[in-house]
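# Observations on the three-dimensional arrangement
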Amino acid sequence: MNILEVERLSLSFGGIRALDDVSLVAPQGAITAVIGPNGAGKTSLFNAISGFYRPERGAIRFEGRDIGRVPASRRAGLGLARTFQNVSLFRGMTVLDNIKLGGHSGLRAGALSAMWYLGRAREEEMRLRAEIEREVIDFLEIDHIRGLSIGALAYGLQKRVELARALAMRPKVLLLDEPVAGMNREETEDMARFILDIQEERGITVMLVEHDMGLVMDISNHVVVLNFGRVIASGTPAEVRASPQVIEAYLGAKAARKARHEA
Amino acid sequence: MRTGDYRASYAQDEALFVTPVQRAWLLALIVGLAAFPWAAGSYLTYIAVLLGIHVISATGLNIMTGYTGLISLGHAAFMGVGCYAVAYAANAGVPFWIALPLGGLASAAIGLVVGIPSLRIKGLYFAIATLAAQFVLGFVFREWEPVTGGVRGVNLPAPSLFGLAIEGDRAVYYIVVPAAVAMLVAARNLFRTRVGRAFIAIRDRDISAEVLGISLLRYKLTAFAIGSFYAGVAGGLWGYFFRAATPEAFSLGLSVFYLAAIIVGGLGSILGGILGAAFMTMVPEALRAIVAWIAPWYPPATVLLSPMREIVFGALIVGFLVFEPHGLAEMWRRVRRFFHLWPFKT
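Residues numbered from 1 in each chain as written. Chains lettered and ligands numbered in written order. Predicted model: local features only at pLDDT ≥ 70, side-chain atom pairs only at ≥ 80, totals over all residues. Heavy atoms only, no water.

## Let's talk about the overall build of chain B
Along its length, chain B carries 15 helices and four strands. For 346 residues, the compact-globule estimate of 2.2 N^0.38 gives 20 Å, and the C-alpha radius of gyration of chain B, at 21 Å, lies within 12% of that figure. Seen through its principal axes, chain B has C-alpha atoms that stretch 65 × 65 × 45 Å. When the 346 residues of chain B are sorted by exposure, 49% land in the buried category. Residue pairs at least 24 apart in sequence account for 77% of intrachain contacts in chain B once pairs closer than 6 positions are excluded. (Helix = DSSP H or I, 4+ residues; strand = E, 2+ residues; numbered from the N terminus. Rg over C-alpha atoms; globule rule 2.2 N^0.38 Å. Buried < 20%, exposed > 50% of the residue type's maximum accessible area, 1.4 Å probe, protein only. Contact = heavy atoms within 4.5 Å.)

## Re helix H11 (residues 216-242) of chain B
Residue and element names in this part refer to chain B. Spanning 27 residues, H11 covers 38 Å between terminal C-alpha atoms, matching the ideal 39 Å at 1.5 Å per step. For H11, a buried count of 23 out of 27 residues is recorded, marking the element as mostly surrounded by other parts of the structure. Directly beyond the C-terminal end of H11, a positive phi value near 60° is found at Arg 243. (Expected span 1.5 Å × (residues − 1).)

## Notes on the pattern of salt bridges
By the definition in use, this model includes 28 salt bridges over all chains. One salt bridge connects Glu 14 of chain B with Lys 100 of chain A, and the closest N-O pair in it is separated by 2.7 Å. With Glu 14 of chain B in helix H1 (residues 10-14) and Lys 100 of chain A in helix H3 (residues 95-102), this residue pair bridges two chains. Owing to a relative accessible area of 10%, Glu 14 of chain B belongs among the buried residues under this scheme. One salt bridge in this structure joins Asp 13 of chain B and Arg 129 of chain A, with 2.8 Å as the shortest N-O distance. A residue pair is termed interchain when its members come from two chains, as with Asp 13 of chain B in helix H1 and Arg 129 of chain A in helix H5 (residues 120-140). Here Asp 13 of chain B falls in the partly exposed class, since its relative accessible area comes to 30%. Judged by relative accessible area, Arg 129 of chain A falls into the buried class, the value being 2%. A single salt-bridge network, built from bridges that share partners, covers Lys 100, Arg 129, Glu 133 and Arg 146 of chain A together with Arg 7, Asp 13 and Glu 14 of chain B. (Salt bridge = Lys/Arg side-chain N within 4 Å of Asp/Glu carboxyl O.)

## A word on the confidence of the model for chain A
Summarising the model, chain A shows a mean pLDDT of 91, and 100% of its residues fall at 70 or more. Within chain A, the element-level pLDDT minimum falls on helix H11 (residues 253-262) of chain A, averaging 76, and the maximum on strand E7 (residues 173-177) of chain A, averaging 96. (pLDDT = per-residue confidence, 0-100.)

## As for the interface of chain B and chain A
Facing the 31 residues of chain B at the interface are 40 residues of chain A. At the junction of chain B with chain A, the criterion picks out 13 residue pairs in polar contact (both at pLDDT 80 or more). At the level of secondary structure, the elements contributing two or more residues to the side of chain B that touches chain A comprise H1, helix H8 (169-190), helix H9 (194-204), helix H10 (206-211) and H11 of chain B. The class makeup of the residues in the side of chain B that touches chain A is 16 nonpolar, six polar and nine charged. (Polar contact = N/O pair within 3.5 Å; in protein donor to acceptor, adjacent residues only side chain to side chain. Nonpolar A, V, L, I, M, F, W, Y, C, P; charged D, E, K, R; others polar.)

## Section: H3 of chain A
H3 of chain A sits mainly inside the fold: seven of its eight residues count as buried. Within the sequence span of H3 of chain A, burial applies to Val 95, Leu 96, Asn 98, Ile 99, Lys 100, Leu 101 and Gly 102 of chain A. Next to the buried residues of H3 of chain A lie H5 and helix H6 (155-167) of chain A together with H1 and H9 of chain B.

## Let's talk about the sheet that holds strand E5 (residues 65-66) of chain A
Paired through their backbone hydrogen bonds, the strands of a sheet run either parallel or antiparallel. Residue and element names in this part refer to chain A. Strand order across the open sheet formed by four strands is E2-E1-E4-E5, with antiparallel pairing between neighbours. Single-partner strands in this sheet number two, and they are strand E2 (16-27) and E5. Relative to E5, strand E4 (residues 57-62) runs antiparallel, the two sharing two bridges. From the neighbouring strand, Arg 61 faces E5, where its bridge partner is Asp 66. Each of strand E1 (2-13), E2 and E4 is contacted by helix H1 (residues 42-50), which is oriented at about 115° to E1, the strand it contacts most. (Pairing = 2+ DSSP bridges. Axes fitted to C-alpha atoms, helices over the stretch in contact; angles between N-to-C directions.)

## Let's talk about the sheet that holds strand E10 (residues 230-235) of chain A
Residues and elements named next belong to chain A. A sheet is described by the order of its strands in space; here six strands give the open sequence E6-E7-E8-E3-E9-E10, paired in mixed fashion. For this open sheet the edge positions go to strand E6 (80-82) and E10, each flanked by a neighbour on one side alone. The mean inter-strand angle of the sheet, taken between neighbouring strand axes irrespective of direction, is 20°. Summarising the sheet, E7 and strand E8 (residues 205-209) pair through five bridges and their orientation is parallel. Within the sheet, the bridge partner assigned to Leu 174 lies in E8 and is Val 206. Helix H10 (residues 244-251) rests against strand E3 (31-35), strand E9 (222-227) and E10 of the sheet, and its axis sits at about 125° to E10.

Below you can see the structure in the form of C-alpha cells.
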C-alpha cells in the first residue's frame, strides 16, 4: 500500500515550471529517495507535500485522503513530519526544548492550564519528557547535549537534533531534505544507520531528497529521479543507475552514449 | 562551587527550584518582600509599588515582543484600556479583586483585535500597526467623555477588602506585589509548556513552527491576548495606586519605556523583564539621589547636573546595548556561573 501518493502535480513560479506533471508514490514502510540535479524541483516537491506551496494541478494523497487543501500546520497532526535542507532549529532554545516542540500537536494544554502548570499541563509535560528521553534522545544518542543551546552544536549534531525533533512528532511519514548534506563520512554513516533503524524498527515510511549517491543507493528501496520538474526515471536503485536518461541528466548526453556502448 | 548535578528524575530536572539553597533563597525573598514596606520608608515603598506595576507590564510586553517576536509600540495604550476599565468597574461598585481581572480581560479583548493583522504583516510593519493602535486608543481616552472623563480623566475609589478601605502606598503594596509575583510565576510556567515553546518557535522561525503543527494565527493571538492582559492588570493597579485614570499617563513615551525596559533587561527572559523594569524605574531615581547628595558640597550641582541626569540615563542604556546586547539577565547568568564554578575560571 502507498501511504503517500503524489499524482500529476504541477507547480510554477511566474512562468517557471518547478514541477510538471509529477507523479510518485511512497510505499508503506519503505525508503523512497528523490534525486536529481540542482533545480530539478526536489525541494519544491517537499514544500508542496508539507503544504507551503499550493499546487496548480494534481493531488497529494496521504493514507488515501487528499490533503491538498489541509493547512501546513494541520498536516503535522496527520502524521507528516519533515526536516529542512538548511537546519531549521530554533536557536533561542535548548536541544531538549527543540525536541519537545516535535510533540506539540500531541499535547492538549491551553494557555490557562499552562500558566497554572500544576495539574494537567505538568502531567502532560512529564509524560512528553519521559517519552522523548526513551524514544528519541536515547535512540539518537544525544543525551550528552540535551541541555545545550543549538548554537553550541557542530553542524552534524544540529542535523541529528532536527531529526530528533521530527521523530518526536511520532510521524507516519518522514520527509528528510538532504539529511547528510555537509557531513563528513562518519556523520553520514551514523545518519544512514539512524534512517535505516527508523524504517526497520519503527516502520516509519521515509522519503528523502539527497545528493549523496552513495547513501541513496545504499539505503533506499525506491528511487525517483527528477529533472527540470519532471520525473525522468523511477525504480530500484540498480534500475535507476542503469537508466540512460538519468546518466544523461547527471553527466550529459555524451557520457550517456558512452555508457550505452559499454553496456 | 557546585560539585555536580544531583537531579535523579525528570520531574526534578524540570522543576524551577531544586536545591535546598535555592529554596532557602526563595523563602528569604518571600519574607523580604512581605516585610519590605515595614522596614523601608514611605518613599521606597512608593518606588516598590511603581516597580511592581512596571514589572507586570514589562513582563506582558516581553511575552509579546521578547518571546513571540511581535513588536508592540502600543503597550501603554493597552495599559490604559485596563486602567479605564477598572476605573469604570470600580466606580460602578465592583470590588477590586473582580475589577482587576476584568480590566485585564478588556485589554486582552482589544489586544486580540489589534493582533489580528499580525498574520499578514510582520516585524516593523506590524510595529507600525500597534503604533496606530496607540494613537487611536489615546484618542478614544481623550474623547469618549462619558466613560473616560475626557482630558480630565476619572477618579477611582480606594479599593476595599471586607469593608476596609485599602489606602496608602503600604496597603496598595500588598495588592501589587502579590499580583506581580503570581503573574511572574504564571509567565515562567507558560514557558515550561507547549504554549510557551510555540511562542518562541514562531519568533525564531515561523515556517518550521508551522511544520510542527503550530497554528501561527492562533498562537500569535494568544501571545497578544496574554501580553495585553498583563498590561491591563498593570494599568488597573496603576489606577488604584494613583486613584485616577488620565489620558496623558498612557502615552507613546510609556510604550517606549517598556520596550527599553525589556531590551535592557533581556528579551525573551522573565528575569530580564524584572531587571529591565527595575533599571528603568530606579536608575533615574538613583541619579536624582546622587545629584541631591552632591548639592551641599557643590551648590551649582542642581542647576548643572539635573539636565545631565537624562544624558547619563540615555548613555547607560546605550552602553548596555553595546556591551551587553542580551541584557541584564545575561549579565546575571554570567555572575551566577562565576560563583558556581569558583574558584575555577569560567
